[in-house]
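For reference, the chains in residue letters:
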Amino acid sequence: LLFAPFVLGLSILIGAVLLRAAVALVNLFIVSRRHVPQSVPFFDPGVSDTVNSTSGPANDPNPFAAPVTGTIAIDASAGDGIPEPAFGRACMIVFVNAIVLFGIQFISSSLVLVAGGDGAIVQLLHLAFQPVISVVIHQSMLKTTLGRAALVWLVQLLIVFGIAVVVFGTIAGIRASA
């Protein structure tokens, strides 16, 4: 009980780092289309090479490239991605998420135990609804769409899973070699 505030604070700091990393990774996927040029050159075999009269072995950096005869417009309106929260705001998002989930679990467990029911069912329901609640909190506090918030939650989960695999794999490797 003495270390509870320290553990809570450390958990919030780690959660904020993971949240910022997840937002950054999701933005890599979302915004990568934005860096595509507005028009992409293409080669039309039905058009002669007179459009690109300066091409040739002397002027062309790649003599094996096909001549450019036109451009195709590309929709680069992928949006600006998810606004990456500052570290303090990320801490607040993690803290609010933890408080809301704890409150819902505490209230639902208390109601079931007062009614004389089985607490395992409450845990299963909480496990089923926890992602939905977290995604809605992410969506409202990150000021993004529900789909992008779900993607942030999923990437956050994958990061945690990857860290767990590395840590437990290292521990298993150390034990196997000892």
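Everything quoted here is computed from the prediction, not taken from an experiment.

(A) Expanded view of the packing of aromatic side chains. Taken as a whole and judged by the stated rule, the model has 1 aromatic pair. Ring centres of Phe-102 and Phe-106 lie 6.0 Å apart, and the angle between their planes is 20 degrees; this geometry places the pair in the stacked category. Of this pair, Phe-102 and Phe-106 are both found in helix H2 (residues 87–115), 4 residues apart, which corresponds to roughly one turn of the helix. For the pair shown, Phe-102 and Phe-106 are each scored as exposed.

(B) A look at the environment of Ile-104. Tracing the sequence through the fold places Ile-104 in helix H2. The sequence separation of Ile-104 and Ile-133 amounts to 29 residues, and the corresponding C-alpha distance is 9.8 Å.

(C) Structural context of the side chain of His-138. For His-138, the position within the fold is in helix H3 (residues 119–142). Within the structure, the side chain of His-138 is placed 3.1 Å from the side chain of Gln-156, a separation counted as a polar contact. In this view, His-138 contacts Leu-19, Ile-93, Asn-97, Lys-143, Thr-144, Ala-149, Val-152, Trp-153 and Gln-156; residues no more than four positions away in its chain are not counted.

(D) Geometry of unusual backbone geometry. A positive phi is found at Lys-143, a non-glycine position, where the angle reads about 55 degrees. On the secondary structure map, Lys-143 appears in the loop between H3 and helix H4 (146–177). With relative accessibility at 64%, the residue Lys-143 sits in the exposed group.

(E) Highlighting the environment of Ser-110. Structurally, Ser-110 is set in helix H2. A relative accessible area of 29% means that Ser-110 is categorised as partly exposed.

(F) Up close: the pattern of salt bridges. If you walk through the whole model with that rule in mind, you get 1 salt bridge. Residues Arg-20 and Glu-84 are paired through a salt bridge, measuring 3.6 Å at the closest nitrogen-oxygen approach. Of this pair, Arg-20 sits in helix H1 (residues 4–31) while Glu-84 sits in the loop between strand E2 (70–73) and H2, and the two are 64 residues apart along the sequence. A relative accessible area of 28% places Arg-20 in the partly exposed class.

(G) Structural context of the nonpolar core. Of all hydrophobic cores here, the largest spans 22 residues; its most connected members are Leu-19, Val-23, Val-26, Ile-82, Leu-142 and Val-152. Only H1, H2, H3 and H4 provide two or more residues apiece to this core. Top element by residues in this core is H1. It accounts for 9 residues. For Val-23, the residues in contact, after removing those within four places along its chain, are Ile-82, Pro-83, Glu-84, Pro-85, Leu-142 and Val-152.

About the cut-offs
Residues numbered from 1 in each chain as written. Predicted model: local features only at pLDDT ≥ 70, side-chain atom pairs only at ≥ 80, totals over all residues. Heavy atoms only, no water. Phe/Tyr/Trp six-rings, centres within 6.5 Å; stacked < 30°, edge-to-face > 60°. Helix = DSSP H or I, 4+ residues; strand = E, 2+ residues; numbered from the N terminus. Buried < 20%, exposed > 50% of the residue type's maximum accessible area, 1.4 Å probe, protein only. Polar contact = N/O pair within 3.5 Å; in protein donor to acceptor, adjacent residues only side chain to side chain. Contact = heavy atoms within 4.5 Å. Salt bridge = Lys/Arg side-chain N within 4 Å of Asp/Glu carboxyl O. Core = buried A, V, L, I, M, F, W, Y, C linked by side-chain atoms within 4.5 Å.

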